[in-house]
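Reading the structure
Residue strings, one per chain:
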Amino acid sequence: MADPTSLSARLRALPWTSLLAVAIPLLSAGFQLWALLAGQDAPVWLGPIESLGVTLLALLVGLWLLARSVRDTRARADRFHVGEALAVGYGLNFLQPTGYRLEPGRPARQLLVLADAAGGPEPPEPSQVRTLLVALPRVVDDLDNASIVGLRRALQQGLGDGWWIGSARLNQADAAPVPPGPDTLAGKPAGLANGSGGAGTGRGVGVTAVVHRASGATVLIDLPSTLTVVPHFARFVAGQELDGSPWANELVAAGRSTIVRRFEAAKFAQVLTDGLDGAAPEPAAEPSAEDLLRQRLGPLRDRIRLVPMERPDRPEPLLKAVQDAVQALRAAA
């Protein structure tokens, strides 16, 4: 004998609204067909009932299409990683306006204002500035907002006294120069939503400048501070995955966090690399993050160079990139 409780639960679980929306038009059509074959007129009350069923069916179909659209949108959003989103934000909000400010032929004195270091040597006069080097560390475990200071110190030790390294502000072409101040490192611009050149703010862009004292040739450097988000995100993800797990312990959490940090940092670097590769975006129903960066950064790729490195305190690849960029500037002068 069937369990009456189970049968009742099954009946309540049936999609009655959907069944009625389909059954009412079918029963109405069947009744009208029977009346036609029997030579009788269909009752007048059948029309409103049929309209109710059709309206209910149309409403359910609309709700289903809306729910499906929401699910598809969420699925597309879930395919993007944190490193990918950070790369797009960094490319549009920093690389794009910075690249547009590095206009060929614009005097370096108008373009760049160097900060006076307290108790340090007087900054030299920059004569040429055309290139932005972006340091991309593979290991971001200990990356924080103070890492740029350590990077500058390491570069100074590697390059020697013939070079000046410090804070600078990259100004807009149509705005009065803004001298660098305490907020230089945080003075990131906001890129324009329509993709046009320039920046959404009249303030200058905070960067690190490396100036060859003898020639005045200058190279700009940036260590993406946005990567400081990755370690926090990695710890959060590792904690969520191990919450309530019998395998949860500090060692496993640290291992998972390291994996997430390395993966997201690599994703950040790969999206930027592909976005600056110069290839034309391929037509697609769903353009990728790389396609978006190719559209926005394509005209600027000769002014921006990515420099992969192991850690911010191991600047050997960046040292060579600075020397090569300055040599190219002096040769073109």
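Figured I'd write up the structure that's included with this text. Once a new chain begins, its residue numbering starts again from 1 and follows that chain's sequence as written. Where totals are concerned, whole chains, interfaces and linings use all residues; where local detail is concerned, this predicted model gives features only for residues with pLDDT of at least 70, and gives and counts side-chain atom pairs only at 80 or more. Side-chain metrics in this entry use all non-hydrogen atoms of the structure; hydrogen atoms and water are not considered.

What follows is about the packing of aromatic side chains. Centres within 6.5 Å are what make two rings of Phe, Tyr or Trp a pair, Trp counting through its six-membered ring; a difference in plane orientation under 30 degrees is then read as stacked, over 60 as edge-to-face, and the rest as tilted. Going through the model one piece at a time under the given rule, you end up with two aromatic pairs. Their ring planes at 50 degrees and their centres at 5.8 Å tell us that Tyr-90 and Phe-268 sit as a pair that is tilted. With Tyr-90 in helix 4 (residues 82–101) and Phe-268 in helix 8 (residues 250–275), this residue pair connects regions lying 178 residues apart in the sequence. In this pair, the class of Tyr-90 matches that of Phe-268, namely buried. Site record: aromatic cluster; members linked through ring pairs are Tyr-90, Phe-94 and Phe-268. Each helix is a run of DSSP H or I of at least 4 residues and each strand a run of E of at least 2, with the numbering of both proceeding from the N terminus. Classification of residues uses two cut-offs on accessible area relative to the type maximum, computed with a 1.4 Å probe and protein chains only: under 20% is buried, over 50% is exposed, and between them is partly exposed.

This next bit is on the pattern of salt bridges. For this analysis, a salt bridge means a side-chain nitrogen from Lys or Arg found within 4 Å of a carboxyl oxygen belonging to Asp or Glu. Under the definition given, this model contains six salt bridges. Across the salt bridge formed by Arg-311 and Asp-313, the nearest N and O atoms sit 3.3 Å from each other. For Arg-311, a relative accessible area of 23% corresponds to the partly exposed category. The residue Lys-320 makes a salt bridge to Asp-324 at a minimum N-O spacing of 2.9 Å. Taken together, the residues Lys-320 and Asp-324, both in helix 10 (residues 316–332) and four residues apart, mark about one turn of the helix. Residue class for Lys-320 comes out exposed when judged on its relative accessible area of 51%. On the basis of relative accessibility, which here comes to 31%, the residue Asp-324 falls in the partly exposed class. Taken together, the shared-partner salt bridges in this structure form one network comprising Asp-277, Asp-291 and Arg-294.

This paragraph deals with the packing of helix 4 against helix 9 (residues 289–297). Running from amino to carboxyl end, helix 4 crosses helix 9 at an angle of 5 degrees, the nearest separation of the two axes being 10 Å. When the axes of helix 4 and helix 9 are compared, the pair comes out roughly parallel. The segment helix 4 lies against helix 9, with Glu-84, Ala-87, Val-88, Gly-91, Leu-92, Leu-95, Gln-96 and Tyr-100 engaging Ala-289, Glu-290, Leu-292, Leu-293, Arg-296 and Leu-297. Side-chain classes are defined by residue name, with Ala, Val, Leu, Ile, Met, Phe, Trp, Tyr, Cys and Pro counting as nonpolar, Asp, Glu, Lys and Arg as charged, and the others, Gly among them, as polar. By residue class, the composition of the contact of helix 4 with helix 9 is nine nonpolar, two polar and three charged. To get an axis, fit a line to the C-alpha atoms, keeping to the stretch in contact for a helix; angles then go from 0 to 180 degrees between the N-to-C directions. Small angles under 35 degrees read as roughly parallel and large ones over 145 as roughly antiparallel, with 65 to 115 read as roughly perpendicular and the rest as oblique. The contact rule is simple, with two residues in contact once any of their heavy atoms fall within 4.5 Å.

Let us look at the packing of helix 6 (residues 147–159) against helix 10. One way to put it is that helix 6 packs onto helix 10 with a least axis distance of 10 Å and a crossing angle of 65 degrees. Of the two elements, helix 6 crosses helix 10, and the hand of that crossing is right-handed. Contacts between helix 6 and helix 10 involve Leu-151, Leu-155, Gly-158 and Leu-159 on the former and, on the latter, Leu-318, Leu-319, Val-322 and Gln-323. Of the residues assigned to the contact of helix 6 with helix 10, the class counts are six nonpolar, two polar and no charged. The sense of a crossing depends on the near helix, which, turned anticlockwise from the far helix by less than a right angle, makes the crossing left-handed and, turned clockwise, makes it right-handed.

Mapped onto the fold, Ala-115 is located in the loop between strand 1 (112–114) and strand 2 (128–137). The buried category is assigned to Ala-115, whose relative accessible area is 17%. Taking the C-alpha atoms as reference, Ala-115 lies 5.5 Å from Ala-168; in sequence the two are 53 residues apart.

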